[in-house]
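# Analysis of the macromolecular model
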Amino acid sequence: MITRRNFIINTGLAATAVLALPSLAFTMNKKEIGLQLYTLRDELPKDVKSTLEKVAKAGYTTVETYGFSIKDQFWGLSPKDLKKILDDNDLKAVSGHYNLGSYLYDGNTAELIAAIEAAKVLKNEFLTVPWVDEPFRKTIENYKTIALRLNEAAKMCKKAGLKLAYHNHDFEFQKHDGVTGYEILLKETDKDLVYFELDLYWVARSGNDSLKLFKENPGRFKMWHIKDMDKANQALNTEVGSGLIDFKPLFAAAKQSGMIHFFVEQENNFAANAFESIKTSCDFIAKNLI
């Protein structure tokens, strides 16, 4: 487990290597700030329309969806209906988290095909795998199977005009006979087809270094989750700029990472309420990071 002292020391050393924060114009639209909608998971099922209106008013221009299912679609809305609400608020869903559990575990393509169709309607650029259930990530062979299935899914996505990405938590950095699951995924997937969405909080929480990952795997991390770590309790999130993570050296390395989109995510520990928290994070990013 990373300690607060070691985390601050490590990020401080990284910061000294960066003398200035360069423009991100080479990778992304400087006005683009994204939100992972899971942050508002308590609000969206109540009223999608008003929730997305508040997201736009908070300053966000892109979003990453979550929660699609064949039965319920998006909180009871079809992809077409959701796309209209997004368009009405000048929001682009450049990525979506789609649960591909049955495909990753047994090769059943039903969920994957449905996800691809939904992603096409929303005009997603990336179809992102958000999670692997614990029973299916216990061994090296488990991760090799996941990598194999990611490669195949990426081929299907490419045919549909999409890109496939994989989003991490901390469990991918656990070692199995001396190698981490994440190392296997990076090595065993096709770098021209499978991309990664790096959750900067979970990398830090696992005791690893995002800058080291950028250096060792240049160009593979096309998306980031910008999620800060609470100063008092590292198991909790906080508003971007209010926690332990120094994002400036990370943004300075955006080109090496390959980052073209990033999304604020805060899963808990809101200062007042979720809407005020996303506004605080957006304001900090706009003023200090891009």
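As the structure is a computational prediction, the values presented were derived from the model and not from experiment.

## Details of the overall build of the chain
Across its full length, the chain holds twelve helices and twelve strands. In the chain, of all internal contacts separated by at least 6 residues, the share reaching a separation of at least 24 is 79%. Entry remark: accessible area of the chain is about 13100 Å², with carbon and sulfur atoms responsible for 51%.

## Some thoughts on the sheet that holds strand E1 (residues 34-36)
In a beta sheet, neighbouring strands pair by backbone hydrogen bonds and run either parallel or antiparallel. Judged by pairing direction, the barrel is parallel, and its eight strands sit side by side in the order E1-E2-E3-E4-E5-E8-E9-E12 before closing back on the first. Each adjacent strand pair in this sheet contributes to an overall mean axis angle of 30 degrees, direction not counted. In terms of strand pairing, strand E4 (residues 126-129) meets strand E5 (residues 163-167) through four bridges, oriented parallel. Note that in E5 the partner of Leu127 across the bridge is Leu164.

## Here's the deal with the nonpolar core
One finds Leu52, Val55, Tyr98, Leu127 and Trp224 to be the most contacted residues of the largest nonpolar core, which totals 83 residues. Element by element, the count of residues in this core is highest for helix H6 (residues 140-159), at seven residues. Among the nonpolar cores identified, the runner-up in size contains six residues, and Val94, Ala165, Tyr195 and Met223 belong to it.

## A closer look at unusual backbone geometry
One non-glycine residue, Trp75, lies in the positive phi region at around 50 degrees. Here Trp75 is to be found in the loop between strand E2 (62-65) and helix H3 (79-88).

## Considering the pairing of E2
Residues Thr62 and Glu64 line one face of E2 and the alternating positions Val63 and Thr65 line the opposite face, and both faces are buried. Viewed along the sheet, the connection from E1 through helix H2 (residues 48-57) into E2 turns out right-handed. Since E2 and strand E3 (residues 92-97) lie parallel, the crossover through H3 that links them has a hand, and here it is right-handed.

## Concerning the pattern of salt bridges
Under the criterion given, the structure shown has twelve salt bridges. Among the salt bridges present, the one from Glu188 reaches Lys144, with a minimum N-O distance of 3.0 Å. You can see Glu188 sitting in helix H7 (residues 181-188) and its partner Lys144 sitting in helix H6, a full 44 residues away along the chain. On the accessibility criterion, Glu188 (30% relative accessible area) is partly exposed. The shortest N-O distance in the salt bridge between Lys155 and Glu152 comes to 3.3 Å. One end of the pair, Lys155, and the other, Glu152, are both in helix H6, three residues apart, so they sit about a helical turn from each other.

## Observations regarding the pairing of E5
Here E5 lies mainly inside the structure; four of its five residues are buried. Read as a crossover between parallel neighbours, the route from E4 over H6 to E5 is right-handed. For E5 and strand E8 (residues 194-199), the ladder comprises four bridges, and the chain directions are parallel. The partner of His167 across the bridge, within E8, is Glu197.

## Here we look at H7
If you check which residues of H7 are buried, you get Gly181, Tyr182, Ile184, Leu185 and Leu186. The inward-facing, buried residues of H7 abut H6, E5, strand E6 (175-176), strand E7 (179-180), E8 and helix H9 (210-216).

## Details of the confidence of the model for the chain
Looking at the chain, pLDDT values average 92 and 90% of them are 70 or higher. The low-confidence segment residues 1-26 (pLDDT under 50) makes 35 contacts with residues lying over four places distant or belonging to another chain.

## Here's the deal with the packing of aromatic side chains
Following the criterion strictly, the structure yields 18 aromatic pairs and no others. Centroid distance Tyr105 to Phe136: 3.8 Å. Interplanar angle 10 degrees. Geometry classified as stacked. Pair noted here: Tyr105 is in helix H4 (residues 101-106) and Phe136 is in the loop between E4 and H6, with a separation of 31 residues, a long-range link. A residue is classified by how much of its surface remains accessible, and Phe136, at 35% relative accessible area, is partly exposed. Taking the centre distance of 5.5 Å and the plane angle of 75 degrees together, the rings of Tyr182 and Phe196 count as edge-to-face. Of this pair, Tyr182 sits in helix H7 while Phe196 sits in strand E8, placing them 14 residues apart in sequence. The burial state of Tyr182 is the same as that of Phe196; both residues are buried. An aromatic cluster of three or more residues is present, and its members are Tyr166, Phe173, Tyr182, Phe196, Phe214, Phe221, Trp224, Phe251 and Phe262.

Conventions we followed
Residues numbered from 1 in each chain as written. Predicted model: local features only at pLDDT ≥ 70, side-chain atom pairs only at ≥ 80, totals over all residues. Heavy atoms only, no water. Helix = DSSP H or I, 4+ residues; strand = E, 2+ residues; numbered from the N terminus. Contact = heavy atoms within 4.5 Å. Areas by Shrake-Rupley, 256 points an atom, 1.4 Å probe, with all protein chains shown as cover. Pairing = 2+ DSSP bridges. Axes fitted to C-alpha atoms, helices over the stretch in contact; angles between N-to-C directions. Core = buried A, V, L, I, M, F, W, Y, C linked by side-chain atoms within 4.5 Å. Buried < 20%, exposed > 50% of the residue type's maximum accessible area, 1.4 Å probe, protein only. Right-handed = clockwise from strand over helix to strand, strands pointing away. Salt bridge = Lys/Arg side-chain N within 4 Å of Asp/Glu carboxyl O. pLDDT = per-residue confidence, 0-100. Phe/Tyr/Trp six-rings, centres within 6.5 Å; stacked < 30°, edge-to-face > 60°.

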